[in-house]
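# Structural overview
Spelled out, the chains give:
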Amino acid sequence: MPLDVRVPISGLFLAVGLLLLGYGAAFEGLGTSAGRLNAIWGGLMVLFGLVLGYYGVRAERRTRVGARTPAA
Amino acid sequence: MSPAVEVRGLAGVDYAVIAVYFAFVLGVGWVVRRTVHTSKDFFEAGRRTPAWVAGLAFVSANLGAQEVIGMGASGAKYGIATAHFYWVGAIPAMVFVALFMMPFYYGSRARSVPEYLRLRFDEKTRAFNAGSFAVMTVFSSGVSMYAMGKLFNLLLGWDMDASMLAAAGVVLAYTTLGGLTSAIYNEVLQFCLIVAGLLPLVILALHNVGGWDGLSARLAEAAAGRGFPPGSYTHAWKYLGDPSQNPVGVEWLGLLMGLGFVLSFGYWCTDFLVVQRAMSAESPTAARRVPLIAAFPKMLFPALVILPGMIAFALTATGAASLIPPKLDAALQPLLDARGLPVLDYDLATPSMLLHYFPNGMLGLGLTALLASFMSGMAGNVTAFNTVFTYDLYQSYIRPRASDAHYLWVGRAATIGGVLLSIGAAYVARSFNNIMDVLQLVFAFVNAPLFATFALGMFWRRSTGHGAFSGLAAGTLGAAVHHGLTLPAGAAPGVKGGYFGLLHTFPSELAQTFWTAITAFATCAVVTILISLITRPRPVDELRGLVYSMTPRVGGDDYLLPWYARPKVLAVIVLTATLILNIVFW
């Protein structure tokens, strides 16, 4: 496969999560239900993106190392 | 456009979320295009996809707008009985295709379902299936496109035609660039986004109506107002003894045979759109695991896609909120059914819920989830269409011995052609008030007889090519005759049936579709058997690897795998969990 699919998913979740988190906290304000909802869900998306990104990048590195290692 | 729906403007953050999504989707297509060098890369993703990726793509390709918006509409119209599409229909069929059919598809090295039919039967059977499948994918894709155009129109007040073309353009770009690999990558990405966009809606809305108990109480009130028993919208099985006692208007036999057996097995076992994802897996064992991996999220989808529709209906019918607008006639007056109740525009149930519950920001995410479902469904159909067109029509009948580069070019051209045809099909879908109904009708015409052909072809070695072809033609004709002689209650003769006359009226479009499918299946099976018995069978040696009794059993080395990776263990877990869900929502 050309790249580990977890990497773009992680990137998307991080980008969208940060947008929601920032918008909820900075523009709507955490005192409003709309602000809290955006911030909480955005935060969860960021968290998911980080976890997925960690495993995706780790798998990518292993694939690259495997590809460079000559067969025994 | 119904004036009862409030057009809500989006904020900058909503547009930003959509823009980020488009950037990633197109970016994936751009990155993947570097790996597409041959027609095998373009049409089969090089057969190197890990099982879990193919599994999520398998379920996501089916998670089009017709699933998200259509199942929401069906949830509003029929209640929890809509979950039968999953717990009686999809899951058992997915287990069957994993354990019994993937070995044939993968092992025969056929590149498509029609090609398998050529290997098992003959050229004309393949041509018939390729043609009908091409029509079906175009229709399915058109339904997805229509749903999304309607959504843009509802949410943004955009022109429906312009929004359909814009969204189709993005799908066209990434499927043309990266073929099946690009579609699979984006399907997995879209799957995650759909869950992220719809899950908070379900949590918020369910909390708002007082949990399942609160929803049940509201739906009991709504049911009483429509002459149904109080629990008919919240019990999946209890009221299926009598068609007049449940909103689907069907009894358990019609449901089990029409949906549980013919339509579902017909779709999941023979539809190249989903089978193509499993065939892209990296090994035969991985291919068998693909539908089973997909079954785990699939069995939980009713919570994600049906519940929003049920809640929208509960709030609308009890007057708590006007979430599902009525359909309007030419004079902009609400259409009324035979009982004098307004005919609701159920397709708007889920989008209206997004508008009602989500603030800006989250609304952008919810809208993006719907966009993702549209694109994933459309890309699934388009990639299946371009493969069948190129391999089974163009290469077989127009230019058999061209270079691989030429077929790669034709595949990309077919992608463009498929998108253009889908746009035409989108306009046909407008005349139905529930897009899931039109799709099930198309399946009844195409997949139902095809399943009889496959079942007989795989498990009865006496079946012949002449029998299969005659059966398919007769089955499709049988579906047309049944549909042409019946109508759903309250419908006028035309696209909904009754064009040959009127022999019977069904309580709902879904009930009519179930029996159309049963008729198509039975006609195909009987004709295939009769013609096979009077025509010459193929020599047994030619059927090795194509017929169950002539194929070595696979999975003999499954015991070497960890228990959680063994297909049979996964199948038992999936079926047990599904049985429990049926009992819980009995």
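For every chain, the first residue of its written sequence is number 1, and the numbers climb from 1 along that sequence. Following the order in which they are written, the chains are lettered starting with A and the ligands numbered starting with 1. Per-residue local features are limited, in this predicted model, to residues with pLDDT of at least 70; the limit for side-chain atom pairs, both in listing and counting, is 80 or more; totals at the level of whole chains, interfaces and linings are taken over all residues.

### Structural notes on the overall build of chain B
How we decide: Counting from the N terminus, the helices are DSSP H or I runs at least four residues long and the strands are E runs at least two residues long. In this description the radius of gyration comes from C-alpha coordinates, and the expected globular size is given by 2.2 Å times residues to the power 0.38. Counting other C-beta atoms within 10 Å of a residue's own tells you its class, since 20 or more makes it buried, 12 or fewer makes it exposed, and anything in between is partly exposed; those C-beta atoms are placed from the backbone. Note that contacts rest on C-beta atoms placed from the backbone: two residues are in contact if these are within 7 Å.
Helix and strand content of chain B: 19 helices and two strands. Computed over C-alpha atoms, the radius of gyration of chain B comes to 23 Å, within 12% of the 25 Å expected from 2.2 N^0.38 for 586 residues, which places it in the range of a compact globule. Projecting the C-alpha coordinates of chain B onto the three principal axes gives extents of approximately 65 × 55 × 50 Å. A total of 586 residues make up chain B; the buried ones form 60% of that total. Across chain B, every contact between residues at least 6 apart in sequence was considered, and the portion connecting residues at least 24 apart equals 80%.

### Concerning the overall build of chain A
Across its full length, chain A carries two helices and zero strands. When each of the 72 residues of chain A is scored for burial, the buried share is 36%. Contacts spanning at least 24 positions in sequence make up 60% of the contacts within chain A whose residues lie at least 6 apart.

### A closer look at helix α11 (residues 272–279) of chain B
With eight of eight residues buried, α11 of chain B is to be regarded as a mostly interior element. Within α11 of chain B the residues assigned to the buried category are Phe272, Leu273, Val274, Val275, Gln276, Arg277, Ala278 and Met279 of chain B.

### Overview of the interface of chain B and chain A
Stated formally: Residues are grouped as follows: nonpolar covers Ala, Val, Leu, Ile, Met, Phe, Trp, Tyr, Cys and Pro; charged covers Asp, Glu, Lys and Arg; every other residue, Gly included, is treated as polar.
At the interface, 26 residues of chain B touch 19 residues of chain A. Sorting the residues of the side of chain B that touches chain A by element identifies α1 (12–32), α8 (160–208) and α14 (362–398) of chain B as the ones contributing at least two each. When residues of the side of chain B that touches chain A are assigned to their parent elements, the largest contribution, nine residues, is made by α1 of chain B. Its residues assigned to classes, the side of chain B that touches chain A comprises 20 nonpolar, four polar and two charged.

### As for the confidence of the model for chain B
All names here are of chain B. Here is the rule we go by: The score called pLDDT rates the predictor's confidence residue by residue, from a low of 0 to a high of 100.
Scored by pLDDT, chain B comes out at a mean of 84, with 96% of its residues at no less than 70. Summarising per-element confidence for chain B, the mean pLDDT is lowest in helix α2 (residues 39–44) (75) and highest in helix α17 (residues 465–485) (93). Predicted as a complex, the structure gets a pTM of 0.83 and an ipTM equal to 0.90.

### Quick word on the nonpolar core
Residue and element names in this part refer to chain B. Using the following cut-off: Connectivity within a nonpolar core runs through C-beta atoms within 7 Å, and the core itself is a set of buried Ala, Val, Leu, Ile, Met, Phe, Trp, Tyr and Cys residues.
Counting residues in each nonpolar core, the largest one holds 221 residues, and the members touching the most others are Val171, Val188 and Met310. With 23 residues, the single largest contributor to this core is α8. For Val171, the residues in contact, after removing those within four places along its chain, are Met375, Met378, Ala379, Val382 and Val419.

### Concerning the packing of α1 of chain B against α14 of chain B
Residues and elements named next belong to chain B. To keep things clear, this is the line we draw: Axis definition: a line fit to C-alpha positions, over the contact stretch in the case of helices; interaxial angles, taken between N-to-C directions, run 0 to 180 degrees. Note on convention: near helix rotated counterclockwise from far helix by under a right angle means a left-handed crossing. Clockwise means right-handed.
Two elements in contact, α1 and α14, have axes whose closest approach is 8 Å; the angle formed by their N-to-C orientations is 30°. Like other packed secondary-structure pairs, α1 and α14 cross with a definite hand, here right-handed. On α14, the residues that touch Val13, Asp14, Tyr15, Val17, Ile18, Tyr21 and Val25 of α1 are Leu363, Gly364, Leu365, Leu367, Thr368, Leu371, Ala372 and Met375. Looking at side-chain class alone, the contact of α1 with α14 contains 12 nonpolar, two polar and one charged residues.

### A word on the packing of α8 of chain B against helix α12 (residues 284–317) of chain B
All names here are of chain B. Which entries qualify depends on this criterion: Oblique is the label for any angle not covered by the other classes, which are roughly parallel (under 35 degrees), roughly antiparallel (over 145) and roughly perpendicular (65 to 115).
Across the interface, α8 lies against α12 with an axial gap of 9 Å and an inter-helix angle of 40°. When the interaxial angle is binned, α8 and α12 end up oblique. Crossing hand, α8 versus α12: left-handed. Mapping the contact onto sequence places Val195, Leu198, Leu199, Leu201, Val202, Ala205 and Leu206 in α8 and Ala303, Leu304, Leu307, Pro308 and Ile311 in α12. Tallied by class, residues from the contact of α8 with α12 come to 12 nonpolar, no polar and no charged.

### A word on the environment of Gly197 of chain B
Residues and elements named next belong to chain B. Along the chain, Gly197 falls in helix α8. Residue classification places Gly197 among the buried positions, given that 29 C-beta atoms sit within 10 Å. Gly197 sits 10 residues away from His207 along the chain, and the two C-alpha atoms are 17 Å apart. If sequence neighbours within four positions are ignored, Gly197 has contacts with Leu365, Gly366, Thr368 and Ala369.

### Overview of the environment of Ser39 of chain B
Residue and element names in this part refer to chain B. Take Ser39: it is sitting in helix α2. As for Ser39 and Gly231, which are separated by 192 residues in sequence, their C-alpha atoms are 53 Å apart. If near-sequence neighbours (up to four positions away) are discounted, Ser39 is found in contact with Asp404, Tyr407, Leu408 and Gly411.

### What about the environment of His84 of chain B?
Note that His84 of chain B resides in helix α5 (residues 84–107). Beyond its immediate chain neighbours, meaning those up to four positions away, His84 of chain B contacts Gly89, Ala236, Leu255 and Leu259 of chain B.

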